[in-house]
Amino acid sequence: MAQFMDVHHGMKGITADQLQQAHQADLAIEEDEGVHFQRAWADPESGTVYCLSEAPSAEAVQRIHERSGHKADEVHAVPLSV
C-alpha cells in the first residue's frame, strides 16, 4: 500500500484532546476504505494538522476524513522515505 501525508488548515488553537478525538474518529472507520492512519501532528499556532496514512489511494484517505468531519485541504503521496 502507498503512504500519504495529508494537511488540514484552519484548525488554529487545536488542543491535544481535539487532535486525539479527530484521529480516533478516523481510526473508527478507516477499515471501510482500506486505510490505516498511523500518526497525526498539529501546530495549534498556525492551525495546521498533518496525518500520515497507508491507503490504496488519496481518494480513500479523503473519503475517510470527509466522513469523520474534517476534510483534508491537501493529500500528498509519499513514495519515498528513509
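Under an unreviewed UniProt entry, the name given to the chain is SCO4226 family nickel-binding protein, and the organism recorded is Streptomyces longisporus.

S.K.: Would you mind showing me how to read helix α1 (residues 16-29) here?
M.R.: Every α-helical turn comprises 3.6 residues, leaving residues that sit three or four positions apart pointing alike. Here α1 is 14 residues long and its end C-alpha atoms lie 21 Å apart, about the 20 Å a rise of 1.5 Å per residue gives. Along α1, the residues that are buried comprise Leu 19, Ala 22, His 23, Asp 26 and Ile 29. Take α1 and look down its axis: the buried residues cluster within an arc of 140°, on one side only. Counted as exposed and oriented over 90 degrees from the buried face of α1: Ala 16, Asp 17, Gln 21 and Ala 28. Each element contacted by the buried residues of α1 is listed here: β2 (36-43), β3 (48-55) and α2 (58-67).

S.K.: Is there a simple way to think about the pairing of strand β1 (residues 2-8) in this case?
M.R.: Pairing of β1 with β3 involves seven bridges; the strand directions are antiparallel. The partner of Asp 6 across the bridge, within β3, is Cys 51. As defined by bridge partners, β1 adjoins strand β4 (residues 74-77) across four bridges and the pair is classed as antiparallel. Note that in β4 the partner of Phe 4 across the bridge is Ala 77.

S.K.: Can you walk me through the nonpolar core in this structure?
M.R.: The nonpolar side chains of a soluble globular protein tend to be buried with one another. Formed by Phe 4, Ile 14, Leu 19, Ile 29, Val 35, Phe 37, Val 49, Cys 51, Ala 55, Ala 60, Val 61 and Ile 64, the largest nonpolar core amounts to twelve residues. Listed by contribution, the elements that provide at least two residues to this core are α1, β3 and α2. In this structure Ile 29 touches Ile 64, Arg 67 and Ser 68, once residues within four positions along its chain are discounted.

S.K.: I'm lost on the sheet that holds β4 in this one. Help?
M.R.: Paired through their backbone hydrogen bonds, the strands of a sheet run either parallel or antiparallel. Pairing within the open sheet is antiparallel, and its four strands lie in the order β2-β3-β1-β4. At either margin of the open sheet sits one strand with a lone partner, and together these are β2 and β4. Strand-to-strand twist of the sheet, defined as the mean angle between neighbouring strand axes without regard to direction, takes the value 20°. Each of β1, β2, β3 and β4 is contacted by α2, which is oriented at about 45° to β1, the strand it contacts most.

Rules and cut-offs
Residues numbered from 1 in each chain as written. Predicted model: local features only at pLDDT ≥ 70, side-chain atom pairs only at ≥ 80, totals over all residues. Heavy atoms only, no water. Helix = DSSP H or I, 4+ residues; strand = E, 2+ residues; numbered from the N terminus. Expected span 1.5 Å × (residues − 1). Buried < 20%, exposed > 50% of the residue type's maximum accessible area, 1.4 Å probe, protein only. Arc of directions from axis to C-beta. Contact = heavy atoms within 4.5 Å. Pairing = 2+ DSSP bridges. Core = buried A, V, L, I, M, F, W, Y, C linked by side-chain atoms within 4.5 Å. Axes fitted to C-alpha atoms, helices over the stretch in contact; angles between N-to-C directions.

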